[in-house]
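# Observations on the model geometry
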Amino acid sequence: STLDEVVYADILLVVSDVNDPEIREHLEVTKSVIDELGASDKPIIYVYNKCDSVALKSSDAGENSAFVSALSGEGIDVLLGLIEKEISK
């Protein structure tokens, strides 16, 4: 039932652990589920958590992506900026 709520959302945040060796496969499955639920028209922001534990650059992902650390708060300002940008549309 939680997944069914996706169709009522204004913005989808897809949160992934950047240390997950199968991150690409998980993102593909997530995209497929979003499509199956009929929510592919929703704006999606990709959130990559644990950026403090790996060496990443913002250029490593797409435009609607934020690298954050839930532990330190790093990157949260970028994430909030992306959310604000989508809300203002």
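These notes cover the structure that comes with them. In this text the structure is predicted, and so the values were computed from the model without any measurement. (Residues numbered from 1 in each chain as written. Predicted model: local features only at pLDDT ≥ 70, side-chain atom pairs only at ≥ 80, totals over all residues. Heavy atoms only, no water.)

### Some details on the packing of aromatic side chains
To be explicit about the condition: The aromatic pairing rule takes the rings of Phe, Tyr and Trp, using the six-membered ring of Trp, and pairs them if the centres are within 6.5 Å, calling planes under 30 degrees apart stacked, those over 60 edge-to-face and the rest tilted. Where helices and strands are cited, they refer to DSSP runs of H or I of at least four residues and of E of at least two residues respectively, numbered from the N terminus. Each residue gets one of three labels from its accessible area relative to the maximum for its type: buried under 20%, exposed over 50%, partly exposed in between, using a 1.4 Å probe on protein chains only.
Summed over the entire model, instances satisfying the criterion amount to one aromatic pair. The interplanar angle of 25° and the centroid separation of 5.2 Å between the aromatic rings of tyrosine 48 and phenylalanine 67 together place this pair among those described as stacked. Here phenylalanine 67 lies in strand β3 (residues 65-67) and tyrosine 48 lies in strand β2 (residues 44-49), a separation of 19 residues in the sequence. On the basis of relative accessible area, tyrosine 48 is assigned to the buried category, the value being 11%.

### Observations concerning helix α1 (residues 23-36)
The condition that has to hold: The span expected for a helix works out to 1.5 Å for each residue beyond the first. As used here, the arc belongs to the directions running from the helix axis to the C-beta atoms. Note on contacts: a residue pair qualifies if any of its non-hydrogen atoms lie within 4.5 Å across the two residues.
The end-to-end C-alpha separation of α1 is 20 Å, in line with the 20 Å expected for 14 residues at 1.5 Å each. The complete set of buried residues in α1 reads Ile23, Leu27 and Ile34. End-on view of α1: buried residues confined to an arc of 35°, all on one side of the axis. Facing away from the buried surface of α1 by more than 90 degrees, the exposed residues are Glu28, Val29 and Glu36. In the core, the buried residues of α1 are packed alongside β1 (12-17) and β2. Phi turns positive one or two residues past the end of α1, at glycine 38, with a value near 80°.

### A closer look at the sheet that holds β3
The condition is simple: Any two strands with at least two DSSP-identified bridges between them are counted as paired. Axis definition: a line fitted to C-alpha atoms, over the contacting stretch in the case of helices. Angles run 0 to 180 degrees between N-to-C directions.
Pairing is parallel in the open sheet, where three strands are placed in the order β1-β2-β3. The outermost strands of the open sheet, each flanked by one partner alone, are β1 and β3. Across the sheet, the axes of successive neighbouring strands diverge by a mean angle of 20°, strand direction being ignored. Pairing geometry for β1 and β2, over six bridges, is parallel. Pairing of serine 16 across the sheet is with tyrosine 48, part of β2. Contacts from helix α2 (residues 76-88) reach β1, β2 and β3 within the one sheet, and its direction differs from that of β2 by about 175°.

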